[in-house]
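If you want the building blocks of each chain, they are given just below.
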Amino acid sequence: MPALRILSPRALPTALASFLAAILRHTAQQQGRTSFALAGGTTPQTTYAALAGPPLRAIVPWHVIDVFFGDERAVPPDHPHSNYHMAMKALIEPLGLPAGQVHRMHADDADLAAAARAYEAILPDRLDLLLLGIGDDGHTASLFPGSPARSEQGRRVVPARAPRPPFDRLTITPPVIAAAHHVVVLAAGAGKADAVRRALADDADPVLVPAALARHGTWFLDTAAAAGLGAIP
Ligand code: 6PG
């Protein structure tokens, strides 16, 4: 059973940010640098803002944190649907992280296959910390139910197709999730309750519910997203 942290909607962002800050700090103290792959979408925005503000800002040695992305949409980096754009506004710009520490997925390149190979070349073999979200259909990163990317075991970054726009994406693959030292999943809102329930079910099939690939991680849920879990054993 995964580690669950179930909190009120109000408490969730700061609690998650504190958890992430502690991992980033400890890992940096242990090994000198830390790789941190960000989730996209909209839910993490408040968590990123808490990380970039006092008091957590001062806890993390940001000068040795290398930021990566779990997936990206095929849009320009200043597009409102860009995961990079969201992270820039919520976390990276407020922290003033140097460009050399922020590794954008170039999903807006014309040749997505080449962009995937280029990102794979800079992505650490094992991420220290991977933050993932979950879609209401059970996807995570841009690994969608039944998609070829969901079953990829050789490559670590591949082009992917989403069922909703922006359709073209780049995404990490299941081996990257499996290899990460710390996997943390964030879900908030009643719309995610069924996907969370299916992903954490004992018989969860990661082909049908790709977020089940992260069931070994620590799941930060608000009470609405956890509503489908019933009585917590
Ligand atoms: C993306 C994300 C994706 C996201 C979920 C949840 O590019 O869409 O990486 O995996 O985490 O779709 O998104 P929300 O937080 O917006 O609900």
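Residues numbered from 1 in each chain as written. Predicted model: local features only at pLDDT ≥ 70, side-chain atom pairs only at ≥ 80, totals over all residues. Heavy atoms only, no water.

## Some points on the overall build of the protein
Point 1. Within the protein, the regular secondary structure consists of seven helices and nine strands.
Point 2. Its C-alpha atoms give the protein a radius of gyration of 16 Å, within 12% of the compact-globule value 17 Å for 233 residues.
Point 3. When its C-alpha atoms are laid out on the principal axes, the protein stretches across 45 × 40 × 30 Å.
Point 4. Considering only intrachain contacts with a sequence separation of at least 6, the fraction spanning at least 24 residues in the protein is 76%.
Point 5. Counting only carbon and sulfur atoms, one obtains 56% of the accessible surface of the protein, whose full area is about 9,800 Å².
Point 6. For the protein, the centre of its 20 positive side-chain charges and the centre of its 20 negative side-chain charges are spaced 5 Å apart. (Helix = DSSP H or I, 4+ residues; strand = E, 2+ residues; numbered from the N terminus. Rg over C-alpha atoms; globule rule 2.2 N^0.38 Å. Contact = heavy atoms within 4.5 Å. Areas by Shrake-Rupley, 256 points an atom, 1.4 Å probe, with all protein chains shown as cover. Lys, Arg positive; Asp, Glu negative; His and termini not counted. Charge placed at Lys NZ, Arg CZ, Asp CG, Glu CD.)

## A few points about the site of the ligand
Point 1. What surrounds the ligand is a group of 14 residues, the closest being Thr43, Asp71, His139, Ala141 and Lys192.
Point 2. Take Asn83: an N or O atom from its side chain is 2.9 Å from an oxygen atom of the ligand.
Point 3. Here an oxygen atom of the ligand and a side-chain polar atom of Lys192 are 2.6 Å apart.
Point 4. Burial of the ligand by the surrounding chains reaches 86%, relative to a free accessible area of 420 Å².
Point 5. Class assignment for the residues of the shell around the ligand results in two nonpolar, eight polar and four charged. (Near = heavy atom within 4 Å. Polar contact = N/O pair within 3.5 Å; in protein donor to acceptor, adjacent residues only side chain to side chain. Nonpolar A, V, L, I, M, F, W, Y, C, P; charged D, E, K, R; others polar.)

## As for unusual backbone geometry
Point 1. Here Pro54 and Pro55 are connected by a cis peptide whose omega angle stands at 0°.
Point 2. Mapped onto the elements, Pro55 comes out in the loop between helix H2 (45-52) and helix H3 (56-59).
Point 3. Residues Pro165 and Pro166 are joined by a peptide bond in cis, for which omega reads -5°.
Point 4. By the secondary structure assignment, Pro166 is in the loop between strand E6 (157-161) and strand E7 (168-172).
Point 5. In the Ramachandran plot, Ala141 falls in the positive-phi region, its phi being about 50° despite a non-glycine side chain.
Point 6. Along the chain, the position of Ala141 falls in the loop between strand E5 (129-133) and E6.

## Some points on the pattern of salt bridges
Point 1. This structure, assessed with the given rule, holds eight salt bridges.
Point 2. Residue Lys89 is joined to Glu93 by a salt bridge in which the shortest nitrogen-to-oxygen separation is 3.1 Å. Of the two residues, Lys89 and Glu93 are both situated in helix H4 (residues 83-95); the distance of four residues between them amounts to about one turn of the helix.
Point 3. Under the relative-accessibility criterion, Lys89 is labelled partly exposed at 47%.
Point 4. Taking the relative accessible area as the measure of exposure, Glu93 reaches 42% and is therefore partly exposed.
Point 5. In this structure, the salt-bridge partner of Asp194 is Arg197, at a minimum N-O distance of 2.6 Å. In this pair, Asp194 and Arg197 both sit in helix H7 (residues 193-200), three residues apart, roughly one turn of the helix.
Point 6. Since its relative accessible area comes to 40%, Asp194 is described here as partly exposed.
Point 7. Taking the relative accessible area as the measure of exposure, Arg197 reaches 36% and is therefore partly exposed.
Point 8. It is possible to trace a salt-bridge network through shared partners that takes in Asp194, Arg197 and Arg198. (Salt bridge = Lys/Arg side-chain N within 4 Å of Asp/Glu carboxyl O. Buried < 20%, exposed > 50% of the residue type's maximum accessible area, 1.4 Å probe, protein only.)

## Focus on the sheet that holds strand E8 (residues 182-187)
Point 1. Spatially, six strands are ordered E1-E9-E8-E5-E2-E3 in an open sheet, and the strand pairing comes out parallel. A strand with exactly one partner marks an edge of an open sheet, and here the two such strands are strand E1 (3-7) and strand E3 (65-69). Sheet twist, expressed as the average angle between the axes of neighbouring strands with direction ignored, equals 20°. (Pairing = 2+ DSSP bridges. Axes fitted to C-alpha atoms, helices over the stretch in contact; angles between N-to-C directions.)

## Remarks on the nonpolar core
Point 1. Within the largest apolar cluster, 76 residues are counted, with the highest numbers of intra-cluster contacts made by Phe69 and Trp219.
Point 2. Counting residues per element, this core draws most heavily on H4, at eight residues.
Point 3. Setting aside residues no more than four positions away along its own chain, Phe69 makes contact with Ala37, Leu38, Asn83, Tyr84, Ala87, Ile92, Val102, His103, Arg104, Met105, Tyr119 and Ile172. (Core = buried A, V, L, I, M, F, W, Y, C linked by side-chain atoms within 4.5 Å.)

## Points about the packing of helix H1 (residues 12-31) against H2
To characterise two packed helices, one gives the angle between the axes of the helices and the distance between these axes.
Point 1. For the pair H1 and H2, interaxial distance at closest approach is 8 Å and the crossing angle is 55°. Judged on the interaxial angle alone, H2 and H1 are oblique. H2 is crossed by H1, and the crossing has right-handed handedness. Touching Pro13, Thr14, Leu16, Ala17, Leu20 and Ala21 of H1 are Thr46, Thr47, Ala50 and Leu51, all from H2.
Point 2. Classifying every residue of the contact of H1 with H2 gives seven nonpolar, three polar and no charged. (Parallel < 35°, antiparallel > 145°, perpendicular 65-115°, else oblique. Left-handed = near helix turned anticlockwise from the far one by under 90°.)

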